Structures are given as C-alpha cells and as structure tokens.
Amino acid sequence: DISEELVQTLLGSIHLVGQTEWSPFQKAGYLYRMTQKSRRPIKALAQDFGIKVSEAELYVKVFNAMQDNEDMHPTHWSYYYELYKSKPILKMAEANPSIDIIPQLCEKIKNEEFDDEALELISMIVRQENFLNLYQTDFLLNLPTDRKAR
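Heads up: these notes are all about the structure in this document. (Residues numbered from 1 in each chain as written. Predicted model: local features only at pLDDT ≥ 70, side-chain atom pairs only at ≥ 80, totals over all residues. Heavy atoms only, no water.)

Some details on the overall build of the protein chain
Moving on, step 1. Assigned secondary structure in the protein chain consists of nine helices and zero strands.
Moving on, step 2. Sequence-ordered secondary structure for the protein chain, helices as α and strands as β, is α-α-α-α-α-α-α-α-α.
Moving on, step 3. By the burial criterion, 41% of the 150 residues in the protein chain qualify as buried.
Moving on, step 4. Here the analysis covers contacts within the protein chain between residues at least 6 apart in sequence; of these, 53% occur between residues at least 24 apart.
Moving on, step 5. Accessible area of the protein chain: about 9,200 Å², with a carbon and sulfur share of 50%. (Helix = DSSP H or I, 4+ residues; strand = E, 2+ residues; numbered from the N terminus. Buried < 20%, exposed > 50% of the residue type's maximum accessible area, 1.4 Å probe, protein only. Contact = heavy atoms within 4.5 Å. Areas by Shrake-Rupley, 256 points an atom, 1.4 Å probe, with all protein chains shown as cover.)

Considering unusual backbone geometry
Moving on, step 1. Even without a glycine there, the phi angle at R39 is positive, about 60 degrees.
Moving on, step 2. Relative to the helices and strands, R39 resides in the loop between α2 (24-38) and α3 (42-49).
Moving on, step 3. Here R39 falls in the exposed class, since its relative accessible area comes to 66%.
Moving on, step 4. Of note in the backbone geometry, E112 takes a positive phi value of approximately 55 degrees without being a glycine.
Moving on, step 5. Within the secondary structure layout, E112 lies in the loop between α7 (101-110) and α8 (118-127).

Quick look at the nonpolar core
Considering soluble globular proteins, one finds that nonpolar side chains tend to be buried as a cluster.
Moving on, step 1. Counting 38 residues, the largest nonpolar core has L83, Y84 and I102 as the members making the most contacts within it.
Moving on, step 2. Among the secondary structure elements, those contributing two or more residues to this core are α2, α3, α4 (53-68), α5 (77-85), α6 (87-95), α7 and α8.
Moving on, step 3. Ranked by residue count, the leading element in this core is α4, at eight residues.
Moving on, step 4. When sequence neighbours within four positions are dropped, the list of residues in contact with Y84 reads L58, K61, V62, A65, L90, I102 and C106. (Core = buried A, V, L, I, M, F, W, Y, C linked by side-chain atoms within 4.5 Å.)

Notes on the packing of aromatic side chains
Moving on, step 1. Taken as a whole and judged by the stated rule, the model has eight aromatic pairs.
Moving on, step 2. An aromatic cluster of three or more residues is present, and its members are F25, Y32, Y59, F63, W77 and Y81. (Phe/Tyr/Trp six-rings, centres within 6.5 Å; stacked < 30°, edge-to-face > 60°.)

Concerning α7
Moving on, step 1. Burial in α7 covers these residues: I101, I102, L105, C106, K108 and I109. For α7, the buried positions fall inside an angular range of 160 degrees around the axis, keeping them on one side.
Moving on, step 2. Positive phi appears at E112, one or two residues downstream of α7, with a value of about 55 degrees. (Arc of directions from axis to C-beta.)

A word on α3
Moving on, step 1. Among all positions of α3, only I42, A44, L45, A46 and F49 are buried.
Moving on, step 2. Once α3 finishes, G50 follows within two positions and takes phi at roughly 70 degrees, a positive value.

Points about the environment of V62
Moving on, step 1. Looking at the secondary structure, you find V62 in helix α4.
Moving on, step 2. Sequence spacing of V62 and G29 is 33 residues, and the spatial spacing of their C-alpha atoms is 9.6 Å.
Moving on, step 3. When near neighbours in sequence (up to four residues on either side) are disregarded, V62 contacts W77, Y80, Y81 and Y84.

Notes on a nonpolar patch on the surface
Moving on, step 1. Residues I2, L6 and V7 make up a contiguous nonpolar surface patch of roughly 260 Å² in combined accessible area.
Moving on, step 2. With respect to the element layout, L6 can be found in helix α1 (residues 4-16). (Patch = residues over 30% accessible without salt bridge, like charges linked within 9 Å, V, L, I, M, F, W, Y side chains within 5 Å. Salt bridge = Lys/Arg side-chain N within 4 Å of Asp/Glu carboxyl O.)

Describing the packing of α2 against α3
Moving on, step 1. For the pair α2 and α3, the least separation of the axes is 10 Å and the interaxial angle reads 125 degrees. On the basis of their axis angle, the class for α2 and α3 is oblique. For the pair α2 and α3, the sense of crossing is right-handed. Taken together, the residues of α3 that come into contact with α2 (itself represented by Y30, L31, M34, T35 and S38) are I42, L45 and F49.
Moving on, step 2. Here the residues of the contact of α2 with α3 are counted per class, giving six nonpolar, two polar and no charged. (Axes fitted to C-alpha atoms, helices over the stretch in contact; angles between N-to-C directions. Parallel < 35°, antiparallel > 145°, perpendicular 65-115°, else oblique. Left-handed = near helix turned anticlockwise from the far one by under 90°. Nonpolar A, V, L, I, M, F, W, Y, C, P; charged D, E, K, R; others polar.)

Shown next as structure tokens:
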C-alpha cells in the first residue's frame, strides 16, 4: 500500500526535476499546495524533490504573493519572481515600510503596467547608494514602462 504523501513526492520529483518539467509557475503552485497539504517544512520538501531550499522558499513566497494580490495569471509569474528576488528592492521596502513599495509594484504587475525590463531598471536605480530617499519613491513608481519612452 502506497501512502498519498509518497505518491505526491514521486509526482513532484517527476515534474520538478524530471523528464516532464513544469513551468516555474506550475512548480511554485505544486510546492505551495504541498506545504499546505503535508504541513512538512519547505526544507524537507526541497530535499525530497532534489531542489535548493532557497529556490523552493522563493517559489512558495512568490506564489503566495500572487495569491495575496489576487493575480494568478501564469504570464505574470516572471514579474513577481523578479520582484521578490530583487535584494535592492526588498532592502528598500524593509528600510522604508511606510512607503509600501512592494504592494504598489504588485499592483502595477497585476494591471500589466510593466514591460520585461521595468523591474530590472527599478532594481538598478535602487542599488545606487544614495537612492533610499522617501521623496524619490514616486519617481520609481512612475518610470516609463516601455522602451520607447525610456
């Protein structure tokens, strides 16, 4: 008799690192559901599936952020992923919690106000040593979002 947990682990192994690889959005959804269903720590799940713990944690964090933002469009995955892996943006958000930059950027992603380079541009700007000025947040949120305007 095979347990449900073993079946899910085998299925995850096949799709997360095996021959029939899922998209990052699908992987994140699976990991998220497994953390909810099995109540096992993400570290244990990552080990079961042969992926890095940091990658599994980021996938679950991003998937959760998409749910919180009521934006489950797989095409938006990469934008949320880039946002939540951007250390400069996360550092700015942590240092200045009153400006709510993460929720504002998530809303822009949801409303498709970014092109494929906008988060990278914001991340590069925030990386500059003296940028963490509260008055410059509006500038970040109102950057041109297409290449022609830049």
